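Architecture at a glance
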Amino acid sequence: MRKQILAVAFAACISSAALSGCTVDGKQVFFQVIPSVNTVFRIGSLSCSKKTAAVYLANYHNIYGVAGDIDLWDADLNTDRLEENIDKACLHRLSMVYALNVYAEEHDITLNSQEKDLVEKAASKYMDTLSAADKSGLDVSEKDIRKMYEKEAVASKVYKSIVSKADDEVSDDEARVMDAVVITFAAGSEDKADKAEDELDAGNDIQLVAKKYSTDKKTSVTIDKSSWPDEVVSTAFDLEDGEYSVPVKSGNSLYIIYCVSKYDEEKSEENRDKIIDSRKQKVLDGIISAQNKKDYSSIDQDEWKSVTKSLDDKITTDSFFETLSENTNF
């Protein structure tokens, strides 16, 4: 549940870029390193404080540092890679939240009074969840949390405004995913392809023929317009269930395609969602890329590292994002 909450819509923009910043369309949010006092980074007119970074990072560590009932930090495991990835993900989320807030300032996108009331109530409820060790270690007030929540809420509102411009109409043909068995042959193996086709014509089992001839061990596959060459997709989509194609040449390979299910409804709907998400991402990338060309941005690596190294193990809060999500509806 909590991981789903962390994966809010605008967080889809967060890539696994280097710690120096998130790259969007060849542009980095952070492109200059300068010294600062208690400031981890700045994007445009907005600065992210060490206090804010600590709250985010503590929650990230406590959410993603647990697998089932196992606390990965206490387990006898090498967690260096895990910690590095969590730290990166946290910084990327923070940078995107602030970038979207800069966009909001420039386009007069704000929270209305009702939304501010919901954020204020969420901040109060989150403070109630904090232990004495949490409050002492993070040194945050309800006002601090409210300001953090406001930025999260504005970022979410900006995201919805931006991606509403994306086309969400996807035809069945574009979304279509077909279940198939594909026999792959190396270039110049026309004779083998013909023999395989003859065996299929004779009624031999497709799986046995595929195992005998295919150079690719994975023969049970799905086919959609984004994952296969046009000539393969075109041939495959002309087949009915139980039909197979003649050898099809594409690139350096030959293929015989056997149709198991010409339209896998569940996978096609999942693919439809992926296509829509991809369109939204492109719209957002374009806007953030244009913004990055004009907004001054910087990161203080020393301040960020000091946050990552100074978290108290006694801090156990993990409901920062969940509390906001449960108490707001925008």
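Along each chain, numbering runs from 1 in the same order as the chain's sequence is written. Owing to the predicted nature of the model, reporting of local features is limited to residues with pLDDT of at least 70; listing and counting of side-chain atom pairs is limited to 80 or more, with chain, interface and lining totals taken over all residues. Values reported for side chains reflect all heavy atoms of the structure, with hydrogen atoms and water molecules removed beforehand.

1. Things to note about the environment of Y149
We apply this condition: Working definition: helices are DSSP H or I runs of at least four residues, strands are E runs of at least two. Numbering for both runs from the N terminus. When a residue's accessible area, from a 1.4 Å probe over protein chains only, is under 20% of the maximum for its type it is buried; when over 50% it is exposed; and in between it is partly exposed. Every residue pair with non-hydrogen atoms within 4.5 Å of one another is taken to be in contact.
Locating Y149 in the fold gives a position in helix α6 (residues 142-163). Overall, Y149 belongs to the buried group, its relative accessible area being 0%. Each C-alpha atom of the pair Y149 and A123 lies 7.1 Å from the other, and the pair is 26 residues apart in sequence. Residues in contact with Y149, not counting those within four places in the same chain, are V119, A122, A123, Y126, S319, F320, T323 and L324.

2. What to know about the pattern of salt bridges
A side chain of one charge can pair with a side chain of the opposite charge when the charged atoms of the two come close. Threshold: Note on definitions: salt bridges are taken to be side-chain nitrogens of Lys or Arg within 4 Å of carboxyl oxygens of Asp or Glu.
In total, this model carries 15 salt bridges according to the counting rule given. Note that K51 and D144 form a salt bridge whose closest N and O atoms lie 3.3 Å from each other. Of this pair, K51 sits in helix α2 (residues 50-64) while D144 sits in helix α6, and the two are 93 residues apart along the sequence. Residues R146 and E150 are paired through a salt bridge, measuring 3.2 Å at the closest nitrogen-oxygen approach. With R146 and E150 both in helix α6 and four residues apart, the pair spans about one turn of that helix.

3. Some details on the sheet that holds strand β8 (residues 220-223)
The condition is simple: A pair of strands is labelled paired if DSSP reports no fewer than 2 bridges between them. Lines are fitted to the C-alpha atoms to define the axes, a helix being fitted only along its stretch in contact, and any angle between axes, read from their N-to-C directions, falls within 0 to 180 degrees.
In space, the four strands of this open sheet follow the order β8-β7-β10-β9, with antiparallel pairing throughout. Looking at the sheet topology across the chains shown, the edges are occupied by β8 and β9 (248-250). Going from strand to strand, the sheet's axes swing by 50° on average, the running direction of each strand aside. For β9 and strand β10 (residues 253-261), the ladder comprises three bridges, and the chain directions are antiparallel. Note that in β10 the partner of K249 across the bridge is L254.

4. Remarks on the packing of helix α4 (residues 113-129) against α6
How we decide: If an angle is under 35 degrees, it is roughly parallel; if it is over 145, roughly antiparallel; if it lies from 65 to 115, roughly perpendicular; otherwise it is oblique. Note on convention: near helix rotated counterclockwise from far helix by under a right angle means a left-handed crossing. Clockwise means right-handed.
The interhelical angle for the contact between α4 and α6, taken along N-to-C directions, is 130°, at an axis separation of 9 Å. It follows from the interaxial angle that α4 and α6 lie oblique. Relative to α6, α4 is oriented so that their crossing is right-handed. Across the interface between the two elements, E115, V119, E120, A122, A123, S124, Y126 and M127 of α4 pack against E142, I145, R146, Y149, E150, A153 and K157 of α6.

Function cannot be inferred from these measures alone, as they are strictly geometric.
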